[in-house]
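Chain residues, written in single-letter form:
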Amino acid sequence: MRPFDTKAFAPAIGWARKHERQISALSLAGGFAFDSFTFGRIDHAVTQAVFIIYLLAAGIAIAVLHVLESRPDGKKPSDKTRTILVAITQFALGCLLSGFCVFYIRSASLTSSWPFLLAMAAIFIGNEYMRRYHARLVFAALLFFFALYSYAIFLVPVAIGRIGRIPFLASGILAVVVFFFYMQALARLGHERYRGARMQVFAGMILITLFLNVAYFFRVLPPLPLVLTEAGIYHDVKRAGAGFLAAAEVEPPEWQALFGTHPILHIQKGDRLYLYSAVFAPRGLHTQIVHDWQWLDPNKGWVSQQRVPIAIVGGREDGFRYYTTKRSPRPGQWQVNIQTFDGRAVGRVRFAVEEQAVPPETTTKPLK
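All residue numbers refer to positions counted from 1 along the written sequence of the respective chain. For this predicted model, a pLDDT threshold of at least 70 governs which residues receive local features, and a threshold of 80 or more governs which side-chain atom pairs are given and counted, while totals over whole chains, interfaces and linings are taken from all residues. In computing side-chain properties, one takes all heavy atoms of the structure into account and sets aside hydrogens as well as water.

Colleague: Could you give an account of the overall build of the protein, naming the residues involved and the relevant values?
Modeller: Under the DSSP-based scheme used, a helix requires at least four consecutive residues in state H or I and a strand at least two consecutive residues in state E, with every element numbered from the N terminus. Across its full length, the protein holds 9 helices and 11 strands. Considering only contacts within the protein whose residues lie at least 6 apart along the sequence, 74% involve residues at least 24 apart. The Shrake-Rupley method, run with a 1.4 Å probe, gives the accessible areas here. Residue values count only the displayed protein chains as cover. Taken as a whole, the protein presents about 19700 Å² of accessible surface, with 63% of it coming from carbon and sulfur. By definition in these notes, contact holds between two residues if any of their heavy atoms fall within 4.5 Å.

Given below as structure tokens:
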């Protein structure tokens, strides 16, 4: 039998090295797209198991490399061993960050959460392009802490069936406690290397904690684990068996072709408008959302006309369904903010209202 000839692959390997940045970018985009389609509900056991496996893989790879790098100079790990462990760390953290981005984007209202989403995307991309820094304990440990904290923000609300300040603060405490014991384990496995990095790790941990808390209390952190699955403004909404039917105004084709055009609803005096929303929440979660109907005052800006609290219960695949109504809305620009009870944006519906003498043409639309 002829020995395996690696020279045949030399052109392909050379091409791959030459185009490493482009391949990395395509892999980054492809991996994110793959996660977007494959990650299911946040409360599924498989989803939680995948996150835990990635956390364990990253934590173990960082610890093993730390032990090997703590050896005397003559017994340091080989470049091959170091490369393998760094690759495992980077892969596991990259998968975690990609999964977090998927769920944050699903939950986010871009109008209010874009600064946090931009920062999250920057951390995700930075993980992919800073491979050589993964061999450094400070960099790897802080990325691991960020991933651990981000996962705790998902886990605690799902586990206790509540969202709000107390669950969020509990998530932070859980992440800090687990990371503290992890760093204590690293200290025992390689004290000198740990001692040289501990102050930087401690300072970085404080900064990450501040960043996530500022994002939460300034309401730019998405309202995880809630996700707006459907929302719309209609002339009528009524239950039909297990579903709902809506009377939607027929828009001219040229209006529908304009990207970003808000619908215009034509009403007669005394008519009602209906805001329908479906909000996904994990099984067992009980919370409250609000439909905040706002009219654009030419002098004062957006002015709340009515706020309707809605108690929702999680578990339904397509979200908890509810609608609120507004009688005789005045002509002009309107929006309905769909928010958590503490004002965190779940979604928004924008539209305009015009009065006319004849009833508008409508069509029946089934709602999920």
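Colleague: Residue-level account of a nonpolar patch on the surface, with values.
Modeller: The patches described consist of residues with a relative accessible area above 30% and no salt bridge, like charges being joined within 9 Å and nonpolar side chains (Val, Leu, Ile, Met, Phe, Trp, Tyr) within 5 Å. We count a salt bridge whenever a side-chain nitrogen from Lys or Arg sits within 4 Å of a carboxyl oxygen from Asp or Glu. Together, I166, L169, V214, F217 and F218 line one region of the surface with nonpolar side chains, adding up to about 510 Å² of accessible area. Secondary-structure elements contributing two or more residues to the nonpolar patch are α7 (165–189) and α8 (191–217). With respect to the secondary-structure elements, F217 resides in helix α8.

Colleague: Let's hear about the packing of α7 against α8: which residues, and what values?
Modeller: One way to put it is that α7 packs onto α8 with a least axis distance of 11 Å and a crossing angle of 170°. For the element pair α7 / α8, the angle class is roughly antiparallel. On α8, the residues that touch R165, F168, L169, F179, M183, Q184, L186, A187 and L189 of α7 are H191, Y194, V201, M205, L212, N213, Y216 and F217. Here the contact of α7 with α8 is built from residues that sort into 13 nonpolar, 3 polar and 1 charged. Note on method: axes are straight lines fitted to C-alpha atoms, helices fitted across the in-contact stretch only, with angles between N-to-C directions ranging 0 to 180 degrees. In these notes the angle categories are as follows: under 35 degrees is roughly parallel, over 145 is roughly antiparallel, 65 to 115 is roughly perpendicular, and the rest is oblique. Here the nonpolar group is Ala, Val, Leu, Ile, Met, Phe, Trp, Tyr, Cys and Pro; Asp, Glu, Lys and Arg are the charged ones; every other residue, Gly included, is treated as polar.

Colleague: Go over the sheet that holds strand β9 (residues 332–340), please, and point to the residues and values.
Modeller: With mixed pairing, 5 strands are arranged side by side in an open sheet as β4-β10-β9-β6-β7. Whereas interior strands pair on both sides, the edge strands pair on one side only; in this sheet they are β4 (264–267) and β7 (301–313). For this sheet the average axis-to-axis angle between neighbouring strands, irrespective of direction, equals 25°. Across 12 bridges, the pairing between strand β6 (residues 286–297) and β7 is antiparallel. Paired with W295 across the two strands is V303, which belongs to β7. Only when DSSP finds a minimum of two bridges between them are two strands counted as paired.

Colleague: Describe the sheet that holds strand β5 (residues 272–280), with residues and values.
Modeller: Spatially, the 3 strands line up as an open sheet ordered β1-β5-β8, and their pairing is antiparallel. At either end of the open sheet lies a strand with only one pairing partner, and these are β1 (227–234) and β8 (320–327). Going from strand to strand, the sheet's axes swing by 15° on average, the running direction of each strand aside. Judged from the 7 bridges that link them, β1 and β5 form a sheet pairing that is antiparallel.

Colleague: Before we move on, can you summarise the nonpolar core with the specific residues and values?
Modeller: Each nonpolar core is a collection of buried residues, namely Ala, Val, Leu, Ile, Met, Phe, Trp, Tyr and Cys, held together in the definition by side-chain atoms within 4.5 Å. Only protein chains enter the accessibility calculation, which uses a 1.4 Å probe; a residue is then buried when its area is under 20% of its type maximum, exposed when over 50%, and partly exposed in between. Counting residues in hydrophobic clusters, the biggest one holds 56 residues, and the most contacted among them are F100, Y104 and F179. Where this core is concerned, the elements lending two or more residues are α3 (45–69), α4 (79–107), α5 (110–129), α6 (137–160), α7 and α8. Counting residues per element, this core draws most heavily on α6, which supplies 17 residues. Excluding residues that lie within four positions of it along the chain, Y104 makes contacts with F116, L117, M120, S150, I153, F154, L221, P222 and L224. With 22 residues, the next largest nonpolar core counts I163, L265, L273 and W293 among its residues.

Note that all results are geometric; they support no functional claim without further evidence.
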